[in-house]
Every structure is written in structure tokens, then in C-alpha cells.
Amino acid sequence: MTPKKFDLVIYLVAATFFMENLDGTVITTALPSMARDFGVSAVDVASGMTSYLLTLAVLIPVSGWFSDRFGARRIFTLAIAIFTGASVLCGLSESLPMFIFARVLQGVGGALMVPVGRSVVLRGTPKEGVIRAIALITWPGLIAPVLGPAIGGFIATYASWHWIFFINVPLGLIGIFMSLSLLELDQVVQQKPFDYFGFISSGLALATLIYGLELSHQLEKNYLMVIVVMAISALSAYLAYQHLRKYAHPLVDLKLLNIPTFAASIYAGLFFRAALSAVPFVMPLLFQLEFGMDPFAAGLMVLSIFIGNLAMKAVTSPILHRFGFKSVMLINGILSILSIIACAFIDPSMPIPIIFGVLFLNGIFRSMQFTSINTIGFADLSSEQISSASAITSTSMQLSNTLGVALASLALVAIHSVVDPQATTLSLKDFHLTLVFIAFISLVGLLYLFKLPENAGQSIRKSEG
């Protein structure tokens, strides 16, 4: 495959990454409109988001096995087709049960689409191109959670919520055509037996964890259920861990966590992604409840984070090549924490350009940290390890995004109950203290990065530097 043709493959995978991440957040601002059409409450419609996240959590770990068993080209193309068809069903839904079914089907496509696409790119990328490839794949996933509420609010306000899903159709059809045109059929597929116990135990652990985090948004009503669900998750996770560690053909290979660079991308990445994903959740709420903005205007304010992501894209690779992974991730990690703390000083009296500047800087440091963490995880892996590593990485990313929103939501409620329990609405102080709490989540990830060897990722830098 020529370099120009392979670049098209990278852009294709990046586009599917964007679609999958966008559909996790885009309906947030459209929930009231959808609730009116379905004749239910907005809380009920939110189950469409939960069902999508649960399906992703359960099926992402199995993506590597399907890719190795049936070939990446077949599974990747099929995943795009399922995701596109499910998007049509979502747009045509006339009742909540039909919508939830369509969202589950969409989750099936999304769970296979991103990790398999990433493994296709990494297997075909020489060491000297890994940083660039990961940066291109990661960037759309960075901006999707930021753009999602604004896009959803705009479509729901000026068109119809149905078009939130119909816009996936042309993208999906182009993706299917490109996948069939660009990717070659796999000549060798692995005949590894399917790990049924690993699938059931890990799927149950992840599904109950995600569900418990979703329930925790209204902890005062669901605390008993949260305790039960989290206990089931913990027990399932323990059984899954013991099984995957000892089984000859595990669903995902946990021995990969013995590789320092991959372990850092998972453990440190969990906390950084959680914190940096919580900011685009908290800021629109702050702008709506304390600044009096409508959902679309609040979404536009947060777009300055996206502009920061965009500004950093061109210089990420040169900076990593020049200064190395560990030093960049530590320094940038500190700066990203400070940028979150800076958000805690935003109030209605602050000039809009300064607010844009603060969010812009957060976007810059957010972009660098995401790309660095995602890249270093694949620096020391062999081609045979990529499928399993991609599944673990995608699971970690999905979990951290959900964890970030859940922790931010819990922090808002907990801080409000302590600071001003008599008030019926959230205050500016509640938001500010929540942002400080989010910054401390990042600090945990930063401390883990100190364990990295000084030459972490050097195998990539040697070829390019």
C-alpha cells in the first residue's frame, strides 16, 4: 500500500473514531425535544445514552478476537455498516423502546469499529510513523465530546433531533466504500478459541460498573442500587482478572500491563482522561445555570477548547520528538492541571475573551496529554499484541470518559450539600470547587507518570529523531 493510500486509511479510522465519540454525547442537549416526541421524561430518554455506553463496555473487549478470527477488513467494514444502519433506525424511532434498541445496535457497531480500525492502522504503520498516526486518530475523538453538545443543540433548535443521527448516513456510506477499496483481505487469521468465561465475567464487570456510575448521578435516590450494582461489578472484575491472568487463550492479554509504557497509558490515562473529559461536561452547565445562556450558546463557549485542540495538532509530534515522552507528559500534565484550576476562577464578571483564553489553553494541554498517553501505550508492542492492546485501550478510554462525568456529577451534588444544603439550585461556588476536585483527579495520573523510565518511547523517537 502506498503512503498516500495508507494516509487515507488513517483518515478513515479517524472519522469513525469521531462518529463513535460524537454519538456518545450529541443527544445530551436534544433530550427535551426527544422526550416530547416519545411522550416520556428527559430522564427516560437518557437511557438511550446509557444503553449505548453499556453496549460499548461489554463488546469492546471482544473486538480483538473478532478481528484476529475473521480478519480486520471484514469486521471493520461490517462495524461501519451496523453503526450506519443503526443510526437510521435511531432517526426513525417513534418510541423509546425502539430508540433504545437502535442505540444498542449502534453500540455494537461502535464497539467493533474503533479498536479494530486502530489496530489496522498500527499494524501498517512503521515505528517512525506511530506518533503521527496516533495523533491523527486521537484528535477527532478529542473534539467530539466538545462539539457534541453544540452540534446537538444546534440541530435540535433549528432542525429536528432526527438529523443528529441521519448525518451519520453519508459518512457511513463513504466509510464502507473506502474500507472495501483501501483495505486488503487478511491472508492469515488466528484460530484462537473464544474465551466465553472471560467474555461473560469482564462484560458483566464493565456493564455493571458503567451502570453504577450512571445511577450515581442521582445517588440520593439510588444509593442502595448503586451499592448492589458496584458489588456485582467488583466480584465480576475479580473473577475476570483471575481468569484472564491464568487462561491460555484469554479474551484480552493482561500480561500487556507488565510493559511499563503500556501500563502508564492505561493507569495514568484513566485519571487524565477522566479529568479532561469532565471539563466539557461541567463548563456547559456552568454557562447555562450561572451565566443564563441557552444550550447552543453554552456549547459555542466550550468550542474554544476545540480551537485549542486544533492549534496543538500541528506541533504535538515535533515536541514529542524533540523533548521525549516522560518530560513532555510530566510538564504538560502540570500545565493541564493548572488550566483546570484556572477554569475555577471563571465567573459572570469575567470578560468573554479571557474566558475563551482560559478554555483555549485547557484545549491545548488537553490535546497534548491525550495524544502523548495514547501514543506511548503502543510504543513497545509487537504486531501480535496490537489487537488485544487496542481493545484494552478502548475499554479504558470508554470507562474513563464515563467515570469523569460521573465523578463530576457526584462532586457537584456532594459539594452543594456541604456548602449550602438549604439552597435549591447549584451555586457558582459549587462549580468552582468541583473543578478543583477534577484537577486533583489529574494529579493522581501525574504521580503515576513518575514511574516511567527516562527513555520511555525511545524506540519511536530513535527512528524519527
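Check the entry above for the structure.
Report follows, based on the coordinates.

So, how was this worked out
Residues numbered from 1 in each chain as written. Predicted model: local features only at pLDDT ≥ 70, side-chain atom pairs only at ≥ 80, totals over all residues. Heavy atoms only, no water. Helix = DSSP H or I, 4+ residues; strand = E, 2+ residues; numbered from the N terminus. Contact = heavy atoms within 4.5 Å. Core = buried A, V, L, I, M, F, W, Y, C linked by side-chain atoms within 4.5 Å. Buried < 20%, exposed > 50% of the residue type's maximum accessible area, 1.4 Å probe, protein only. Phe/Tyr/Trp six-rings, centres within 6.5 Å; stacked < 30°, edge-to-face > 60°. Lys NZ or Arg CZ within 6 Å of the ring centre and 35° of its normal. Patch = residues over 30% accessible without salt bridge, like charges linked within 9 Å, V, L, I, M, F, W, Y side chains within 5 Å. Areas by Shrake-Rupley, 256 points an atom, 1.4 Å probe, with all protein chains shown as cover. Salt bridge = Lys/Arg side-chain N within 4 Å of Asp/Glu carboxyl O. Axes fitted to C-alpha atoms, helices over the stretch in contact; angles between N-to-C directions. Parallel < 35°, antiparallel > 145°, perpendicular 65-115°, else oblique. Left-handed = near helix turned anticlockwise from the far one by under 90°. Nonpolar A, V, L, I, M, F, W, Y, C, P; charged D, E, K, R; others polar. Expected span 1.5 Å × (residues − 1). Polar contact = N/O pair within 3.5 Å; in protein donor to acceptor, adjacent residues only side chain to side chain.

### Describing the side chain of Ser265
Locating Ser265 in the fold gives a position in helix H13 (residues 260-289). The residues touching Ser265, leaving out its near neighbours within four places in the chain, are Leu270, Arg273, Ile373, Ile376 and Gly377.

### Considering the nonpolar core
Met283, Phe287, Ile346 and Ile438 are the most contacted members of the largest nonpolar core, which totals 111 residues. Ranked by the residues each element gives to this core, the list is headed by H13, at 14 residues. Non-local contacts of Ile438, meaning those with residues more than four positions away in its chain, are made with Ala275, Ala278, Val279, Val282, Ile340 and Ala408. One finds Ala35, Leu147, Ile155 and Phe306 within the second-largest nonpolar core, a separate group that totals 26 residues.

### Let's talk about the packing of aromatic side chains
Summed over all chains, the structure comprises 14 aromatic pairs. With a centroid separation of 6.0 Å and 25 degrees between ring planes, the pair formed by Phe66 and Phe70 is classed as stacked. Here Phe70 and Phe66 lie together in helix H5 (residues 63-70), a separation of four residues that amounts to about one turn. Residue Phe66 is classed as partly exposed on the basis of its relative accessible area, which comes to 28%. For Phe70, a relative accessible area of 34% corresponds to the partly exposed category. Taking 5.1 Å as the distance between ring centres and 85 degrees as the angle between the ring planes, the aromatic pair formed by Phe287 and Phe291 counts as edge-to-face. As far as burial versus exposure is concerned, Phe287 and Phe291 are alike and both buried. Ring pairs connect the aromatic residues Trp65, Phe66, Phe70, Phe194, Tyr196 and Phe199, which therefore count as one cluster. Geometry around Phe70 places Arg69 over its ring, the cationic atom sitting 5.1 Å from the centre. The lysine or arginine in question, Arg103, covers the ring of Tyr52, its NZ or CZ lying 4.3 Å from the ring centre.

### Comments concerning a nonpolar patch on the surface
Side chains of Phe197, Leu235, Tyr238 and Leu239 sit close together on the surface and give an oily, nonpolar patch of about 420 Å² of accessible area. If you tally residues by element for the nonpolar patch, the top one is helix H12 (residues 219-246), at three residues. If you trace the backbone, Leu239 turns up in helix H12.

### Quick word on the packing of helix H17 (residues 386-419) against helix H18 (residues 428-449)
Their axes nearest at 9 Å, the elements H17 and H18 cross at an angle of 130 degrees. On the basis of their axis angle, the class for H17 and H18 is oblique. The handedness of the crossing between H17 and H18 comes out as right-handed. Along its contact with H17, which presents Leu407, Ala408, Ala411, Leu412, Ile415, His416 and Val419, the element H18 presents Lys429, Asp430, Phe431, Leu433, Thr434, Phe437, Ile438 and Ile441. For the contact of H17 with H18, the per-class residue count stands at 11 nonpolar, two polar and two charged.

### A closer look at the pattern of salt bridges
Where side chains of opposite charge bring their charged atoms close, a pairing between them can arise. Applying the stated criterion across every chain yields a total of one salt bridge. The residue Lys326 makes a salt bridge to Glu454 at a minimum N-O spacing of 3.1 Å. Placement of the pair is Lys326 in helix H15 (residues 325-343) and Glu454 in the loop between H18 and helix H19 (458-464), with a sequence separation of 128 residues. Take Lys326: its relative accessible area is 9%, and that puts it in the buried class.

### Considering helix H11 (residues 196-215)
Over its 20 residues, H11 runs 28 Å from end to end, which matches the ideal 28 Å to within 8%, given 1.5 Å per residue. Within H11, burial applies to Gly198, Ser201, Ser202, Gly203, Ala205, Leu206, Ala207, Thr208, Ile210, Gly212, Leu213 and Leu215. Regarding H11, its N-cap is Asp195, as a side-chain oxygen of that residue lies 3.0 Å from the backbone nitrogen of Gly198 further along.

### Some words on the environment of Ser400
Tracing the backbone shows Ser400 in helix H17. A relative accessible area of 0% means that Ser400 is categorised as buried. C-alpha separation for the pair Ser400 and Ile266, spaced 134 residues apart in sequence, amounts to 9.8 Å. Filtering out sequence-adjacent residues up to four positions away, Ser400 remains in contact with Leu270, Arg273 and Ala274. Here Met397 takes part through its backbone oxygen, which lies 2.9 Å from a polar atom of the side chain of Ser400.

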